[in-house]
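# Examination of the molecular architecture
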Amino acid sequence: MKYTCEITIDLPRDAFIEKLDNPDNMKHWQRGLLGYEHLSDKPGTEGSQMSLRYKMGKREFEMVETILKRNLPDEFHMTYDTKGVHNIQKNYFKEVDGKTLWVSESEFQFSGFGMKLMAFLMPGAFKKQSLKYLEDFKAFAETGKSVLDNG
């Protein structure tokens, strides 16, 4: 399953990247993030990994992020792996009239029957979640509004 989301952030690209590239900011725009842990000696570099813990509803889960390509400020690609799901995330950043256009390409590959069924029955839920992250980042980057402020 593949789809693309995009959003324009009212910040110059350098300021946008500064906020996006700081793992301590993730809690302000990734709902349900409980914490993260670097698994590599050189965090943030190509090939490095980070473990992320989330809670969505009553369910807690962990995923591993692996950085595939780090060519900032133009692009930043990574994979996310959790039980039954492999997500390839390609992000492109363009400065347009002093603002930043963020184009996010998502590809999900499912291995378990349950996850394949969920993707088949609810493909819109994945895109909706991806778009929510972009919208929450926009609110945080532009106005400082954190998802922690009102849960």
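Computed from a prediction, not measured in an experiment: that's the story for all the values here. (Residues numbered from 1 in each chain as written. Predicted model: local features only at pLDDT ≥ 70, side-chain atom pairs only at ≥ 80, totals over all residues. Heavy atoms only, no water.)

## Focus: the sheet that holds strand E1 (residues 2-9)
Reading across from one edge, E1-E7-E6-E5-E4-E3-E2 is the order of the seven strands in this open sheet, with antiparallel pairing throughout. Each of the sheet's edge strands pairs with one partner strand only, and the pair in question is E1 and strand E2 (33-38). Each neighbouring strand pair of the sheet contributes to a mean axis angle of 20°, computed without reference to strand direction. Across eight bridges, the pairing between strand E3 (residues 49-56) and strand E4 (residues 59-71) is antiparallel. Among the inter-strand pairings, Met 50 is bridged to a residue of E4, identified as Glu 65. (Pairing = 2+ DSSP bridges. Helix = DSSP H or I, 4+ residues; strand = E, 2+ residues; numbered from the N terminus. Axes fitted to C-alpha atoms, helices over the stretch in contact; angles between N-to-C directions.)

## Describing the packing of aromatic side chains
Scanning the model with the defined rule gives 13 aromatic pairs in all. Pairing Phe 16 with Trp 102 gives two aromatic rings, centres 5.6 Å apart and planes at 70°, and the pair type is edge-to-face. Highlighted residues: Phe 16 in helix H1 (residues 13-20) and Trp 102 in strand E7 (residues 99-110), separated in sequence by 86 residues. With a centroid separation of 6.2 Å and 80° between ring planes, the pair formed by Trp 29 and Trp 102 is classed as edge-to-face. Here Trp 29, found in helix H2 (residues 26-29), pairs with Trp 102, found in strand E7; they are 73 residues apart in sequence, far enough to count as distant. The exposure class assigned to Trp 29 is buried, which follows from its relative accessible area of 8%. A network of ring pairs unites the aromatic residues Phe 16, Trp 29, Phe 93, Trp 102, Tyr 133 and Phe 137 as a single cluster. (Phe/Tyr/Trp six-rings, centres within 6.5 Å; stacked < 30°, edge-to-face > 60°. Buried < 20%, exposed > 50% of the residue type's maximum accessible area, 1.4 Å probe, protein only.)

## Regarding the side chain of Thr 79
Among the structural elements, Thr 79 can be located in strand E5 (residues 75-82). Given a relative accessible area of 7%, Thr 79 falls into the buried group. Beyond its immediate chain neighbours, meaning those up to four positions away, Thr 79 contacts Val 64, Glu 65, Thr 66, Leu 68, His 86, Asn 87 and Ile 88. (Contact = heavy atoms within 4.5 Å.)

## Re H1
Buried within H1 are the following residues: Arg 13, Phe 16, Ile 17 and Leu 20. Buried residues of H1 fall within an arc of 95° about the axis and therefore sit on the same side. Exposed and facing more than 90 degrees away from the buried side of H1 are Asp 14 and Glu 18. Of the surrounding elements, those touching the buried residues of H1 are E1, H2, strand E6 (85-96), E7 and helix H4 (123-143). (Arc of directions from axis to C-beta.)

## Observations concerning unusual backbone geometry
Of the consecutive residues Leu 72 and Pro 73, the connecting peptide bond is found in the cis state with omega at 15°. Along the chain, the position of Pro 73 falls in the loop between E4 and E5. Positive phi values are uncommon outside glycine, yet Asp 97 reaches one of about 50°. Here Asp 97 shows up in the loop between E6 and E7.

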